[in-house]
Amino acid sequence: AQSVTQLDSQVPVFEEAPVELRCNYSSSVSVYLFWYVQYPNQGLQLLLKYLSGSTLVKGINGFEAEFNKSQTSFHLRKPSVHISDTAEYFCAVIQPLQGAQKLVFGQGTRLTINP
Amino acid sequence: DGGITQSPKYLFRKEGQNVTLSCEQNLNHDAMYWYRQDPGQGLRLIYYSQIVNDFQKGDIAEGYSVSREKKESFPLTVTSAQKNPTAFYLCASSRTGVTEKLFFGSGTQLSVL
């Protein structure tokens, strides 16, 4: 079954520094990958998704991710972070479920931006 | 504005009590989902529904029940059989399935008294 592993539970960075949040997946079939963001005390919002096509995916708020099939990775990057990027970030993959599909989420990476 | 509304924001359950969490959407989405979020564990799927009057169990359905009598509503009942109900519960919807963008509500924090 497909699953995702987020390698860092917490990532502290300084404002205006670049950041990379790491995500590895396991899958033997076609892969659909997502990054969602959760701001404090809120639900999740979709940042970006990879279904097919270009391996570099651009999302909202200046984030991008690269699908790397050989390394089974889908790392999220931003060249310069802002205080408002402080949030928890979840990588997710689609997994079959009873003839349908479900999203399987990683454990999350808490991004803290320091001034 | 279109979106998903969850209520209440905070809920307290006494031992042996059933409680119901509300989830309403006005996005005209067919699919709806309930997730449970525990610190450090990500989100786990409780139930999902792809169409009115139909729903399926997710990974952790024991101790929970749902109904989907209307397209816009997908309430979750946490029964007394759920021995560890304290968690943050998130409802989501999508137009058809999970390859589509999921829209999430702002969540309900359930605690045990």
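Structure: see above.
We now turn to the structure provided with this report. (Residues numbered from 1 in each chain as written. Chains lettered and ligands numbered in written order. Predicted model: local features only at pLDDT ≥ 70, side-chain atom pairs only at ≥ 80, totals over all residues. Heavy atoms only, no water.)

A word on the overall build of chain A. Along the backbone of chain A there are zero helices and 12 strands. Secondary structure of chain A in N-to-C order comes out as β-β-β-β-β-β-β-β-β-β-β-β. Its C-alpha radius of gyration of 14 Å places chain A within 12% of the 13 Å reference for a compact globule of 115 residues. Overall, chain A is about 45 × 30 × 20 Å in size when its C-alpha atoms are taken along their principal axes. Counted over contacts in chain A with a minimum sequence separation of 6, partners at least 24 positions apart contribute 55%. When the accessible surface of chain A is split by element, carbon and sulfur atoms take 49% of a total near 5600 Å². Positive and negative side-chain charges of chain A, numbering 8 and 8 respectively, have mean locations separated by a distance of 10 Å. (Helix = DSSP H or I, 4+ residues; strand = E, 2+ residues; numbered from the N terminus. Rg over C-alpha atoms; globule rule 2.2 N^0.38 Å. Contact = heavy atoms within 4.5 Å. Areas by Shrake-Rupley, 256 points an atom, 1.4 Å probe, with all protein chains shown as cover. Lys, Arg positive; Asp, Glu negative; His and termini not counted. Charge placed at Lys NZ, Arg CZ, Asp CG, Glu CD.)

Residues and elements named next belong to chain B. Taken together, four strands build an open sheet; the order of strands is β1-β3-β8-β7 and the sheet is antiparallel. The open sheet terminates on both sides in strands that have one partner only, identified here as β1 (4-7) and β7 (64-66). Sheet twist, expressed as the mean angle between neighbouring strand axes with direction ignored, is 20°. Across three bridges, the pairing between strand β3 (residues 19-25) and strand β8 (residues 76-78) is antiparallel. (Pairing = 2+ DSSP bridges. Axes fitted to C-alpha atoms, helices over the stretch in contact; angles between N-to-C directions.)

Space left empty within the atom packing is revealed by a probe, the size of a water molecule, rolled over the atoms. Here the largest pocket is characterised by a volume of approximately 470 Å³. As for the largest pocket, its lining consists of 26 residues, of which Gln38, Glu88 and Arg110 of chain A together with Gln37 and Phe88 of chain B are closest to the centre. Looking at the lining of the largest pocket, the elements with two or more residues in it are β10 (87-97) and β12 (109-114) of chain A together with β9 (87-94) of chain B. Here the lining of the largest pocket is built from residues that sort into nine nonpolar, 13 polar and four charged. (1 Å grid on protein atoms, 1.4 Å probe; cavity = no way out; pocket = protein on both sides within 12 Å on 5 of 7 lines; lining within 4 Å. Points joined across faces, edges and corners; volume = space filled by probe spheres on them. Nonpolar A, V, L, I, M, F, W, Y, C, P; charged D, E, K, R; others polar.)

Moving on: the environment of Phe74 of chain B. Residues and elements named next belong to chain B. As for its position among the elements, Phe74 is in the loop between β7 and β8. By relative accessible area, Phe74 is classed as buried at 0%. C-alpha of Phe74 to C-alpha of Asp54: the two residues are 20 residues apart in sequence and 11 Å apart in space. Those residues in contact with Phe74 that sit more than four places away from it in its chain are Cys23, Met32, Tyr33, Trp34, Tyr47, Tyr48, Ser49, Phe55, Val66, Ser67 and Arg68. (Buried < 20%, exposed > 50% of the residue type's maximum accessible area, 1.4 Å probe, protein only.)

Residue and element names in this part refer to chain A. Looking at the secondary structure, you find Val57 in strand β7 (residues 56-58). Assessed through its relative accessible area of 11%, Val57 is described here as buried. Among residues more than four places away in sequence, those in contact with Val57 are Leu48, Lys49, Tyr50, Phe63, Glu64, Ala65 and Phe74.

Turning next to the state of the cysteines. Residues and elements named next belong to chain B. A full pass over the atoms with the stated rule returns two disulfides over all chains. Each disulfide pairs two cysteine sulfurs, and for Cys23 the partner residue is Cys91, the sulfurs being separated by 1.9 Å. Here the disulfide of Cys23 and Cys91 is left-handed, its torsion about the S-S bond being about -75°. Placement of the pair is Cys23 in strand β3 and Cys91 in strand β9, with a sequence separation of 68 residues. For the pair shown, Cys23 and Cys91 are each scored as buried. (Disulfide = S-S within 2.5 Å.)

With that out of the way, let us pick up the nonpolar core. Core analysis: the biggest nonpolar cluster contains 29 residues, and Trp35, Phe74, Leu76 and Tyr89 of chain A have the highest contact counts within it. One finds Tyr36 and Leu44 of chain A together with Tyr35 and Leu90 of chain B within the second-largest nonpolar core, a separate group that totals 22 residues. (Core = buried A, V, L, I, M, F, W, Y, C linked by side-chain atoms within 4.5 Å.)

Inspection of every chain in the model, using the stated rule, returns 12 aromatic pairs over all chains. A centroid spacing of 5.5 Å and a plane angle of 45° characterise the contact between Phe63 of chain A and Tyr89 of chain A, whose relative ring orientation is tilted. Pair noted here: Phe63 of chain A is in the loop between β7 and β8 (64-68) and Tyr89 of chain A is in strand β10, with a separation of 26 residues, a long-range link. The class of Phe63 of chain A is buried, set by a relative accessible area of 2%. Centroid distance Phe105 of chain A to Tyr35 of chain B: 5.4 Å. Interplanar angle 90°. Geometry classified as edge-to-face. Residue Phe105 of chain A is located in strand β11 (residues 100-105), and its partner Tyr35 of chain B is located in strand β4 (residues 31-37); the two belong to separate chains. Taken individually, Phe105 of chain A and Tyr35 of chain B each receive the classification buried, so the pair is uniform in this respect. Sitting over the face of the ring of Phe74 of chain B, Arg68 of chain B holds its NZ or CZ atom 6.0 Å from the ring centroid. (Phe/Tyr/Trp six-rings, centres within 6.5 Å; stacked < 30°, edge-to-face > 60°. Lys NZ or Arg CZ within 6 Å of the ring centre and 35° of its normal.)

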